Amino acid sequence: MASADLWEADSELSKGVDIINKIDGTKFLLITNRIVKAISKDLDEPFTTEERDKLQHSLELSSVEVDQLISTTTHILKKAIFHIIKPAALHKHMVETLRMEEERAVAFSQLWSTEAESLVNAMKQKSLYSHQVTGIDWSTNVAIKSDKGDQELEPRAEIKLNIRNQEDILLDLNRQELTKLYSVLENIQSQLDALN
């Protein structure tokens, strides 16, 4: 993927970059370092509520702007991780496409240069997606199906997806729904096989 395709400069990203451009460069680097550590340690939030309040006062930003600053910085880092972009290309893209000021772009790309390998390795150990299946349990049973007053037995399959750090997902499927799920999974498997 060409670096020009990394980010569309949408309004939310542009707002975040505007906030980055107006804060002190040293403070921005400290915030970015903290976000790097949070990503490396798989933390949901890089700052506690109390720390966000301190940032708000220190940077003279609203709470919405602090949230935008953190989410924009996190977004840029995660895109760089996902695409394993070279520091020079990241710098160029931040300045030309995102309109980030030179000082912040230099600091960001230098930080990326030193932290990229450890961040990419940390992300290889986990999924970029919030829902990661850690196990699957299943069982079959029979349910009574009422249709126009008639009762008949209907075979059912229960599939429980164990999700990392989240509540499990339970699927209760009849034969037709199970067949459809199986077909979708076969298509996914075929596409995965084609990638190898």
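Conventions used here
Residue positions within a chain follow its written sequence, with the count starting from 1. Residues qualify for local features only when their pLDDT is at least 70, as the model is predicted, and side-chain atom pairs are given and counted only at 80 or more; totals for whole chains, interfaces and linings, by contrast, use all residues. Hydrogens and water molecules were not included; the side-chain quantities draw on all heavy atoms of the structure. Secondary structure counts use DSSP, requiring at least four H or I residues in a row for a helix and at least two E residues in a row for a strand, with both numbered from the N terminus. In this scheme, a helix's expected span is set at 1.5 Å multiplied by one less than its residue total. The buried label goes to any residue with under 20% of its type's maximum accessible area, the exposed label to any with over 50%, and the partly exposed label to all in between, with areas taken from a 1.4 Å probe on protein chains only. Two residues form a contact once any of their heavy atoms are found within 4.5 Å. When DSSP locates at least two bridges between a pair of strands, those strands are taken to pair. Under this scheme, a helix contributes an axis fitted over its contacting stretch, all axes are lines through C-alpha atoms, and angles between N-to-C directions fall in the 0 to 180 degree range. A residue's pLDDT is the confidence the predictor assigns to it, expressed on a 0 to 100 scale. Only Phe, Tyr and Trp rings are paired, with Trp represented by its six-membered ring, and only when their centres lie within 6.5 Å; those with planes under 30 degrees apart are stacked, over 60 edge-to-face, the remainder tilted. Reported orientations rely on four angle classes, namely roughly parallel under 35 degrees, roughly antiparallel over 145, roughly perpendicular from 65 to 115, and oblique for the rest.

- The name recorded for the protein chain in an unreviewed UniProt entry is COMM domain-containing protein, from Bemisia tabaci.

**Quick notes on helix α6 (residues 102-124)**
Next, step 1: Under the 1.5 Å per step criterion, the end-to-end length of α6 is 30 Å for 23 residues, consistent within 8% with the ideal 33 Å.
Next, step 2: Here α6 has its buried residues at Arg-104, Ala-105, Ala-107, Phe-108, Ser-109, Leu-111, Trp-112, Ala-116, Leu-119, Val-120, Ala-122 and Met-123.
Next, step 3: Its buried side turned inward, α6 meets α1 (11-22), α2 (25-40), α4 (63-83) and α5 (87-96).

**A closer look at the sheet that holds strand β2 (residues 150-163)**
Next, step 1: Across the sheet, which stays open at both edges, the 3 strands sit in the order β1-β2-β3 with antiparallel pairing between neighbours. Looking at which strands have only one partner, the edges of the open sheet turn out to be β1 (133-147) and β3 (169-174). For this sheet the average axis-to-axis angle between neighbouring strands, irrespective of direction, equals 20°.
Next, step 2: Relative to β2, β1 runs antiparallel, the two sharing 14 bridges. Each bridged residue has a counterpart across the sheet, and for Ala-143 the counterpart in β2 is Glu-154.

**Details of the side chain of Arg-52**
Next, step 1: Looking at the secondary structure, you find Arg-52 in helix α3 (residues 49-59).
Next, step 2: Each residue touching Arg-52, except ones within four places of it in the same chain, is listed here: Glu-45, Phe-47, Val-66, Asp-67 and Ile-70.

**Description of α1**
Next, step 1: Its 12 residues place the ends of α1 17 Å apart at the C-alpha level, agreeing with the 16 Å of an ideal helix rising 1.5 Å per residue.
Next, step 2: Buried residues along α1 sit in contact with α2, α4 and α6.

**Brief notes about the confidence of the model for the protein chain**
Next, step 1: Considering every residue of the protein chain, the mean pLDDT works out to 86; 92% of them sit at 70 or more.
Next, step 2: Looking over the protein chain, one finds the lowest element-wise mean pLDDT in helix α7 (residues 175-195), namely 85, and the highest in α3, namely 93.

**As for the packing of aromatic side chains**
Next, step 1: Enumeration according to the criterion identifies 1 aromatic pair in this entry.
Next, step 2: Between the aromatic rings of Phe-28 and Phe-108, the centroid separation amounts to 6.0 Å while the plane-to-plane angle is 20°, which identifies the pairing as stacked. You can see Phe-28 sitting in helix α2 and its partner Phe-108 sitting in helix α6, a full 80 residues away along the chain. Each member of the pair Phe-28 and Phe-108 is classed as buried.

**Looking at the packing of α3 against α4**
Next, step 1: In contact at an axis separation of 9 Å, α3 and α4 are set at 105° when each is read in the N-to-C sense. On the basis of their axis angle, the class for α3 and α4 is roughly perpendicular. Together, Arg-52, Leu-55, Gln-56 and Leu-59 of α3 and Ser-63, Val-66, Asp-67, Leu-69 and Ile-70 of α4 make up the contact between the two elements.

**So, unusual backbone geometry**
Next, step 1: A positive phi angle, close to 55°, is found at Glu-60, a residue other than glycine.
Next, step 2: Relative to the helices and strands, Glu-60 is located in the loop between α3 and α4.
Next, step 3: Classification of Glu-60 as exposed rests on a relative accessible area of 71%.
Next, step 4: In the Ramachandran plot, Ile-84 falls in the positive-phi region, its phi being about 45° despite a non-glycine side chain.

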